[in-house]
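Remarks on the overall topology
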Amino acid sequence: MSRPSGELKFVSAKRRVREDRRFVAGRGRYVADIALDNMLHVAVVPSRYPAARIVSIDASAALAMPGVAYVLTGDRLANAVDPLLNGLDTPNVKRYPLAVGQARYVGEWVAAVVADTRALAEDACEKVVVEYEPLPFVIDTEQALDPSSPPVHPEHGSNVLLDKTFVWGEVERDFAESPRQLTFRVVWGRSSTVPIETFGVAAKWDPWGEILDVWASIQMPKYPDQIARALRIPANSVRVHHDVDVGGSYGVKRGIKQTVLTAHLARTLDRPVRLIEDRLDNMRAGDAHGPERIFDVEVAFNDEGIVRSVKMRALDNVGAYAGRSPFQLGKPIGAIVGPYQIKSVQYRAQAVTSNKAAQEAVRGFGQAPTNYAIETAIDKVARAVGLDRIEVRRRNFIRKEQFPYLIPSGTQYDSGDYHTVLAKVLAHADYDGLKREQAELRARGLLAGIGIAACLEPSGGNSSFEPLLNEKNTTTTWMDSCRIHVDALGFVTVTIHTTSSGQGHETLAATVVGEVLEVDPDHIRVVRPDSLASLPSNSPVGSRMAIMLGGACFHAAHKLKDKLVRIGAKQLGRPENEVAYARGAVTAGGATLSWTDLITIAHRNFHLLPEGMEPGLETMHVEQVPTGSKLPENGRVQMYPCHSFEFHLILIAVDPLTGKPEIPRYVIGHDCGTVINPHIVRGMTLGGIAHGIGAALLEEFVYDGEGQMLTQSFMDYLLPSAHEVPKVEIVHHCTPSPFTVLGQKGSGESGYLGSPAAISGAINDAVAPLGISFSKLPIRIAEISDAIAGAAVSRAEEQR
Amino acid sequence: MKVALNINGETRTADLEPRKTLLDALREDFGLVGTRAGCEHGVCGACSVLIDGAPARACLLFAVQADGYVITTIEGVAPAPGELNVVQDAFCETHGLQCGYCTPGMILTAHALLARNPHPTRHDIVQAISGNLCRCTGYGQIVEAIERAAERLRVVNAQEAAGHANEEERG
Ligand code: FES
Ligand code: FES
């Protein structure tokens with residue numbers, strides 16, 4: 001089952017994305033559109049304190065309101081369900097859908113009110129009287145690390161969830177032998193993906209059939225299993241409907257607490273129940289914030305700007321509960337040296353709890369913050385040795401002929417050609433011209449800077465970081481599947497086994513199956529069975545579906561093709577290797593059997609089938625992650641199989657009076673191997689850059705000293721609008737991956753993984769003449785203008 | 001409170017709580033779920049509908065306030081079931097969407113723009129959609145879709161005008 005050798009017909013062609021038709025007609029089917037008969041609605045009572053013992057909850061006034069069905073408290077819920085899945089081995093950090101005994105952040109759900117309408121449920125929430133006894137709390141990351149800080153989970157003993165140091169290679173020796181060293185700190189502020197659709201879930205329990213039906217806006221690996229465990233029911237009693245469109249996720253739609261809560265209510269009340277977060281619920285307590293990370297970095301290099309070794313400490317404030325979020329410190333280990341030939345690395349990963357909302361997976365699973373730290377290091381090295389920042393990158397890049405390239409932490413990079421991508425971008429952007437433009441902007445009195453970022457997108461997500469950070473975990477597969485069915489009239493139906501949130505998986509599946517079978521993808525139907533009728537999937541996380549679903553579709557289609565060839569060989573009386581397949585027909589020795597002939601035999605003529613072949617025409621394939629077969633050894637592991645490359649080159653102009661940055665030029669070179677659908681990849685990259693602009697300049701979940709959250713609406717947590725996102729020029733390059741069926745790599749996180757680093761670099765370049773710099777994201781307009789004003793004041797003072 | 005609303009060319013009646021937003025009424029009482037809730041505080045534009053042809057936020061209006069206006073939702077845009085209009089088709093052509101959640105609002109906003117400005121510049125388009133947040137696309141392919149739709153509409157309108165003139169001559 002080798003790669004198609006001839007011209008690709010459908011793969012890489014600019015074909016329409018089939019999903020788009022239903023969306024432009026307003027016919028997407030999102031969870032809020034699922035209205036079940038006799039359905040009840042949930043609203044939640046939020047904690048007012050960052051930490052407080054829940055002394056009592058009096059729901060009598062709420063329950064007395066007409067239309068109110070039920071009020072659930074954490075204590076009652078904790079008797080009926082098990083704690084939610086905890087990724088790390090920290091059994092005393094228990095997490096339930098509602099606060100149990102103690103509230104641990106402002107907004108945490110303390111009670112749930114169920115009523116005939118959401119509006120009534122909200123009204124009734126106001127009538128629930130909660131008596132609290134405030135407790136000491138901790139908000140700041142470094143304070144949380146301090147052993148004297150109040151522990152968020154007293155039973156756990158401290159706020160430290162994870163503190164693991166890895167040493168890969170001869171770090172101390174490399175440092176001792178390097179003539180130059182520098183150290184710095186950068187901080188990645190707490191932001192997230194914030195989809196326009198909040199999280200929502202509807203659940204229905206059938207006590208006679210003993211089955212729980214779930215419709216959710218979900219992007220979560222092993223979701224049905226997690227629901228079943230928490231509810232203490234058999235996994236085959238949970239039926240998740242995958243034909244729900246998810247209104248954006250980019251990682252965070254993991255609503256397990258919402259689901260367990262809603263499912264428990266449906267079971268208790270014997271009525272369908274729906275919970276749709278409003279924006280406030282979502283921002284404050286949807287448990288969907290992203291990494292909040294301090295990096296302390298030491299770099300060892302020489303006068304030529306060659307970086308030999310790095311020591312990185314990453315300290316992450318995960319908020320009040322763990323979930324999978326600490327693993328976001330683990331995944332970047334698979335690309336910890338970026339695209340550079342760095343010989344050795346020391347990496348200390350620390351995760352602490354605090355009295356903030358819990359974190360969830362965010363696009364790149366920790367890679368974008370890490371890339372920001374690595375790229376800041378390279379910029380600083382360039383400045384230290386007085387070389388152009390691009391030249392330093394060029395000198396340190398892994399060379400094309402070195403692939404597959406083993407990095408110190410145990411991952412082999414599959415392929416790449418970083419020097420060519422860089423050269424193409426410089427040529428496209430006219431680097432010298434860009435510098436002239438910068439000089440002109442400066443001459444006009446603006447601050448102008450050039451930003452550069454080179455980084456990798458590890459893709460094809462397996463879950464190797466789990467066993468790496470938690471020895472009790474022995475996961476070595478993260479499979480995905482495809483089934484192909486050809487009906488008796490010869491029409492092809494392909495199944496995929498997860499929900500999608502805008503990634504175009506139906507298009508992906510149809511394109512790959514169509515390519516292999518040489519059938520027009522537009523004639524292929526793609527369906528999503530519910531979870532009980534599904535093959536294994538791990539959902540579209542980790543930039544994996546082009547590789548994993550693409551791989552599964554490719555192999556399933558080849559199995560189907562092989563069946564047809566065998567049927568043909570038998571009819572034509574020829575050995576299989578003499579039978580050629582083309583466009584659905586098989587030919588041997590001048591005789592041909594058409595698609596219809598073959599289908600008829602498979603579906604009706606058992607007597608003509610090769611011995612041992614089952615009737616009908618159906619194949620399936622469960623795809624193992626390429627390269628992902630081993631457990632970690634000595635702190636080293638093969639993380640993701642494929643590594644896409646991106647190179648950002650941008651020009652930023654800052655108005656010195658207002659501090660407002662504009663991006664007159666944004667060029668990105670992008671290499672994700674073989675592209676399956678160019679429209680989809682382009683959209684991912686453009687969307688990722690926009691998201692990165694948000695993380696770099698606008699977005700942050702800010703808490704004040706009292707633990708209250710200040711940015712909980714779209715008025716103060718600012719998403720980039722069309723005004724803030726510039727026109728982006730994409731320069732393509734294709735270095736196929738040797739590890740995947742079509743040479744494809746992932747692109748679901750592209751753009752986002754490098755744009756914050758590039759923007760930070762550009763702003764720092766712009767303000768460098770003033771002697772100021774920024775080392776924390778987001779770099780907001782007010783901070784820029786304050787720093788510029790401050791620099792002017794100190795200059796004036798110097799002159800006096 | 002009884003209302004009779006003109007939605008997509010039909011008169012639709014319902015008995016609504018006065019506090020009910022137009023967004024909730026469209027979705028819950030009239031079954032028009034193509035209008036989406038994103039923030040419910042007037043920022044994201046996911047709930048955009050056209051009121052007398054101009055984009056408006058259905059989350060900021062009470063349904064009872066919409067009485068007497070001509071309301072268009074995404075369901076009122078396609079010329080026939082299964083058939084896309086020019087703007088919808090252009091969004092499909094450039095892939096001006098991903099998850100589709102912001103898309104109805106974007107398409108209605110684009111309609112309103114193109115109805116009043118057949119020659120929009122890139123700046124006009126950015127300005128028009130700047131009140132509609134899209135988290136998926138970074139807007140690039142949306143702007144292209146609207147540019148393409150504008151081109152097409154100009155061609156279609158020119159043809160129609162020519163056809164019209166011919167008919168008049170013959171008549
Ligand atoms: S839902 Fe109306 S503007 Fe966001
Ligand atoms: S397409 Fe997903 S928010 Fe715009």
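Reference entry: report on the structure contained in this document. In this text the structure is predicted, and so the values were computed from the model without any measurement.

**Some thoughts on the overall build of chain B**
Along chain B, the regular secondary structure elements total five helices and five strands. Radius of gyration (C-alpha) of chain B: 17 Å, near the 16 Å computed for a compact globule of 171 residues. Taken over the C-alpha atoms alone, chain B extends approximately 55 × 45 × 30 Å along its principal axes. Put simply, chain B has 171 residues, and 49% of those count as buried. Counting contacts in chain B only where the partners sit at least 6 residues apart, residues at least 24 apart contribute 55% of the total. As displayed, chain B offers around 7,300 Å² of accessible surface, 50% of which is attributable to carbon and sulfur atoms. Of the charged side chains in chain B, 14 are positive and 21 negative; the average position of the first set lies 6 Å away from that of the second.

**With respect to the side chain of A:R104**
All names here are of chain A. In this structure, R104 sits in the loop between β4 (102–103) and β5 (109–115). Notably, R104 is buried but unbridged: the nearest opposite-charge side chain belongs to E155, and the N-O separation is 4.0 Å. There is a polar contact of 2.8 Å between the side chain of R104 and the backbone oxygen of V152. Excluding residues within four positions of it along the chain, R104 makes contact with P50, V152, H153, P154, E155, A320, Y321, S354, N355 and K356.

**Some thoughts on the sheet that holds strand β22 (residues 580–582) of chain A**
All names here are of chain A. Taken together, the three strands give an open sheet; going across it, the order is β22-β23-β24, and neighbouring strands pair in antiparallel fashion. One side of each edge strand has no neighbouring strand; the edge strands of this open sheet are β22 and β24 (591–593). The mean inter-strand angle of the sheet, taken between neighbouring strand axes irrespective of direction, is 25°. Here three bridges tie β22 to strand β23 (residues 585–588), and the two strands are oriented antiparallel to one another. Paired with A582 across the two strands is A585, which belongs to β23. Along the sheet, helix α17 (residues 595–604) makes contact with β22, β23 and β24, crossing β24 at roughly 60°.

**Quick word on the interface of chain B and chain A**
On the chain A side, the residues contacting the 45 residues of chain B number 51 residues. Roughly 4,000 Å² of surface becomes buried between chain B and chain A when both sides are summed, with 56% attributable to carbon and sulfur atoms. Looking only at chain B, the three residues that lose the most surface to chain A are B:Q98, B:Y101 and B:R135, adding up to 20% of its buried area. Joining chain B to chain A, the criterion identifies seven salt bridges. We note a salt bridge from A:D33 to B:R36, for which the minimum N-O separation is 2.8 Å. Across the contact surface, chain B and chain A share 25 residue pairs in polar contact (both at pLDDT 80 or more). Sorting elements by how many residues they give to the side of chain B that touches chain A places helix α2 (residues 86–94) of chain B first, with six residues. Among the residues making up the side of chain B that touches chain A, the classes are represented as 20 nonpolar, 16 polar and nine charged.

**Some thoughts on the sheet that holds strand β2 (residues 10–15) of chain B**
Residues and elements named next belong to chain B. With mixed pairing, the five strands of this open sheet are ordered in space as β2-β1-β5-β3-β4. Across the chains shown, the open sheet's two edge strands, defined by having one partner strand only, are β2 and β4 (54–57). On average, each strand axis in the sheet is inclined to that of its neighbour by 45°, with strand direction left out of account. Pairing of strand β1 (residues 2–7) with β2, which is carried by six bridges, proceeds in the antiparallel orientation. Across the sheet, residue I7 finds its bridge partner in β2, namely E10. Helix-sheet contacts for helix α1 (residues 22–29) involve β1, β2, β3 (48–51) and β5 (70–72), and the interaxial angle to β3 is about 100°. Here helix α3 (residues 103–116) sits on the sheet and contacts β3, β4 and β5; the angle it forms with β3, its principal contact strand, is near 30°.

**Considerations on the environment of A:S794**
All names here are of chain A. On the secondary structure map, S794 appears in helix α20 (residues 781–799). Since its relative accessible area comes to 34%, S794 is described here as partly exposed. Sequence separation of S794 and N577 is 217 residues, and the distance between their C-alpha atoms is 81 Å.

**What to know about the pairing of strand β9 (residues 200–206) of chain A**
All names here are of chain A. Buried residues dominate β9, accounting for five of its seven residues. Here β9 pairs with strand β12 (residues 273–276) via four bridges, running antiparallel. From the neighbouring strand, G200 faces β12, where its bridge partner is I276. The pairing of β9 with strand β10 (residues 211–216) spans six bridges and is antiparallel. Within β10, the position partnered with V201 by the bridge is A216. The turn joining β9 and β10, which pair antiparallel and follow one another in sequence, is formed by four residues; a positive phi near 50° is taken by E210.

**Structural notes on the pattern of salt bridges**
Residue and element names in this part refer to chain A. This structure, assessed with the given rule, holds 62 salt bridges over all chains. Note that R22 and D245 form a salt bridge whose closest N and O atoms lie 2.8 Å from each other. Placement of R22 in helix α1 (residues 20–24) and of D245 in the loop between β11 (238–241) and α8 (256–269) is noted, with a sequence separation of 223 residues between them. Residue classification places R22 among the partly exposed positions, given a relative accessible area of 25%. The buried category is assigned to D245, whose relative accessible area is 9%. A salt bridge links K472 to D89, with the shortest nitrogen-to-oxygen separation between them at 3.0 Å. Here K472, found in the loop between α14 (465–469) and β19 (480–486), pairs with D89, found in the loop between α3 (74–80) and β4; they are 383 residues apart in sequence, far enough to count as distant.

**A look at the packing of aromatic side chains**
Residues and elements named next belong to chain A. Inspection of every chain in the model, using the stated rule, returns 16 aromatic pairs over all chains. Seen from their ring centres, F327 and F465 are 5.7 Å apart, and the 40° between their planes marks the pair as tilted. Of this pair, F327 sits in the loop between β14 (307–319) and β15 (344–353) while F465 sits in helix α14, and the two are 138 residues apart along the sequence. Each member of the pair, F327 as well as F465, carries the same accessibility label: buried. Ring pairs connect the aromatic residues Y340, F397, F403, Y418 and F645, which therefore count as one cluster. Sitting over the face of the ring of F23, R22 holds its NZ or CZ atom 4.9 Å from the ring centroid. Between K257 and the ring centre of W109, over which it is positioned, the NZ or CZ distance is 4.1 Å.

Thresholds applied
Residues numbered from 1 in each chain as written. Chains lettered and ligands numbered in written order. Predicted model: local features only at pLDDT ≥ 70, side-chain atom pairs only at ≥ 80, totals over all residues. Heavy atoms only, no water. Helix = DSSP H or I, 4+ residues; strand = E, 2+ residues; numbered from the N terminus. Rg over C-alpha atoms; globule rule 2.2 N^0.38 Å. Buried < 20%, exposed > 50% of the residue type's maximum accessible area, 1.4 Å probe, protein only. Contact = heavy atoms within 4.5 Å. Areas by Shrake-Rupley, 256 points an atom, 1.4 Å probe, with all protein chains shown as cover. Lys, Arg positive; Asp, Glu negative; His and termini not counted. Charge placed at Lys NZ, Arg CZ, Asp CG, Glu CD. Salt bridge = Lys/Arg side-chain N within 4 Å of Asp/Glu carboxyl O. Polar contact = N/O pair within 3.5 Å; in protein donor to acceptor, adjacent residues only side chain to side chain. Pairing = 2+ DSSP bridges. Axes fitted to C-alpha atoms, helices over the stretch in contact; angles between N-to-C directions. Buried area = accessible area lost by both parts, 1.4 Å probe. Nonpolar A, V, L, I, M, F, W, Y, C, P; charged D, E, K, R; others polar. Phe/Tyr/Trp six-rings, centres within 6.5 Å; stacked < 30°, edge-to-face > 60°. Lys NZ or Arg CZ within 6 Å of the ring centre and 35° of its normal.

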